Amino acid sequence: LTMGIFRSKQIIFQPIDEYVEGAQCAPLSASECMPNWYKKLPRYVNNSDKPIKALGMKDLKTCVPFRDAMISGYMMLLPADIEVAVAANGDVDIFTNQELGFQVVEKRGLLDVNHQGFGMPNPIGTVPIMFAWSATWGIKTKKEDSVLVTHPLNRYDLPFVTPSGIIDSGYFGVAGNIPFFIKEGFSGVIPKGTPIAQVIPFKRDNWKSIINKEMINKQTEKMLMRGRFLRDYYKKHLWESKTYR
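Residues numbered from 1 in each chain as written. Predicted model: local features only at pLDDT ≥ 70, side-chain atom pairs only at ≥ 80, totals over all residues. Heavy atoms only, no water.

(A) Up close: the layout of surface pockets. Size it by volume and the largest pocket reaches roughly 300 Å³. Taken together, 24 residues make up the lining of the largest pocket; nearest its centre are Met76, Ala135, Trp137, Gly176 and Ile178. Elements with a minimum of two residues in the lining of the largest pocket: strand S3 (74–77), strand S8 (137–140), strand S12 (178–182) and strand S14 (195–203). A class-by-class count of the residues in the lining of the largest pocket yields 18 nonpolar, six polar and no charged. (1 Å grid on protein atoms, 1.4 Å probe; cavity = no way out; pocket = protein on both sides within 12 Å on 5 of 7 lines; lining within 4 Å. Points joined across faces, edges and corners; volume = space filled by probe spheres on them. Helix = DSSP H or I, 4+ residues; strand = E, 2+ residues; numbered from the N terminus. Nonpolar A, V, L, I, M, F, W, Y, C, P; charged D, E, K, R; others polar.)

Structure follows, in structure tokens:
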């Protein structure tokens, strides 16, 4: 994680063994994993890149917070093609090439009393069968830091859902299997290199909430000013650059 040239911090991804380092996809900066659908988005409604045609009505491509979520941190990548097969009774299995030589996915089973996850609601729109991405890379940071491991943010197009977890990664190189659920109705191949989990490092701090009852403050005034600009007010006047390499 880098917050400016002179205040860089490190996150270390450690392969669990020599085989993993040579055979599997190393984690990448999230900015290197932007999907094609996002790259093709227009900046303004009416499928326009010019504000005059859209009467200044900005679309998703101009939303910096939406983009920041997608490019923050790092992506864990699927190390090999997997095939999702659905049986007539609704059971789901996942297969990999038998010659692969390492485990990609673990099937943990139904969310019932006999399996892990009993009592946990599965994500809406998914099959209630828990799988797990097999651990291949450990994560190590400074002692005061932790990492959020979550589904790739804003990637609703992916045919699975990865639940979230926070790991205090400053004490040892954590490497653990990551649960996930397959979306209902999906069958087919998920290709190697697909982002399967986003890793966002952050410094642990103690926080205290304060309710501000003042209706107007300087920050609010700044936000109200953005309506006077057709483009990039937030990015030019409020946003701070973040870099993950």
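Let us keep going from here.
(B) Seen up close, the pattern of salt bridges. Considering all chains together, one arrives at six salt bridges under this definition. The salt bridge partner of Lys9 is Asp145, with a shortest N-O separation of 2.8 Å. With Lys9 in the segment before strand S1 (12–15) and Asp145 in strand S9 (residues 145–150), this pair connects stretches of sequence that are 136 residues apart. Given a relative accessible area of 24%, Lys9 falls into the partly exposed group. Between Lys107 and Asp91 there is a salt bridge; the shortest N-O distance is 3.1 Å. In this pair, Lys107 is assigned in strand S6 (residues 105–110) and Asp91 in the loop between strand S4 (82–86) and strand S5 (92–95), connecting sequence segments 16 residues apart. Given the relative accessible area of 28%, Asp91 is considered partly exposed. (Salt bridge = Lys/Arg side-chain N within 4 Å of Asp/Glu carboxyl O. Buried < 20%, exposed > 50% of the residue type's maximum accessible area, 1.4 Å probe, protein only.)

(C) Summary view of the side chain of His151. Residue position: His151 is located in the loop between S9 and strand S10 (160–161). Residue classification places His151 among the buried positions, given a relative accessible area of 12%. At a separation of 3.2 Å, a polar atom in the side chain of His151 contacts the main-chain amide nitrogen of Thr162. Ignoring sequence-local partners within four residues, the contact set of His151 consists of Leu158, Phe160, Val161, Thr162, Pro163, Ser164 and Gln198. (Polar contact = N/O pair within 3.5 Å; in protein donor to acceptor, adjacent residues only side chain to side chain. Contact = heavy atoms within 4.5 Å.)

(D) Region of the structure containing the packing of aromatic side chains. A complete count under the given rule lists seven aromatic pairs for this structure. Residues Phe13 and Tyr74 carry aromatic rings whose centres are separated by 5.6 Å and whose planes lie at 70° to one another, so their mutual orientation is edge-to-face. Placement of Phe13 in strand S1 and of Tyr74 in strand S3 is noted, with a sequence separation of 61 residues between them. You can call Phe13 buried: its relative accessible area is 18%. Residue Tyr74 is classed as buried on the basis of its relative accessible area of 4%. An aromatic cluster is present here, built from Phe131, Trp133, Phe160 and Phe180 joined pairwise through their rings. Here the guanidinium or amino end of Lys61 rests over the ring plane of Tyr38, the centre of that ring lying 5.5 Å away. (Phe/Tyr/Trp six-rings, centres within 6.5 Å; stacked < 30°, edge-to-face > 60°. Lys NZ or Arg CZ within 6 Å of the ring centre and 35° of its normal.)

(E) Structural view of the sheet that holds strand S7 (residues 129–133). Read from one edge to the other, the open sheet built from four strands follows the order S6-S7-S12-S10, with strand pairing classed as antiparallel. The strands lining the two open edges of the sheet, one partner per strand, are S6 and S10. In terms of strand pairing, S7 meets S12 through three bridges, oriented antiparallel. Paired with Phe131 across the bridge in S12 is Phe180. (Pairing = 2+ DSSP bridges.)

(F) Highlighting the side chain of Thr141. Within the secondary structure, Thr141 is located in the loop between S8 and S9. Residue Thr141 is classed as buried on the basis of its relative accessible area, which comes to 5%. Polar side-chain contacts of Thr141 include one of 2.8 Å to the side chain of Ser169. In terms of polar contacts, Thr141 uses its side chain to reach the backbone amide nitrogen of Gly170, at 3.5 Å.

(G) Local environment of the environment of Gln10. With respect to the helices, strands and loops of the structure, Gln10 is situated in the segment before S1. Residues Gln10 and Lys142, spaced 132 residues apart in sequence, show a C-alpha to C-alpha distance of 7.7 Å.

(H) Structural context of the environment of Gly173. Relative to the helices and strands, Gly173 resides in the loop between strand S11 (165–167) and S12. Judged by its relative accessible area of 30%, Gly173 falls in the partly exposed class. Separated by 33 residues in the primary sequence, Gly173 and Lys140 have C-alpha atoms spaced 4.5 Å apart. The contacts of Gly173, once residues within four sequence positions are left out, are Gln14, Gly138, Ile139 and Lys140.

By themselves, these observations are geometric and do not establish any function.
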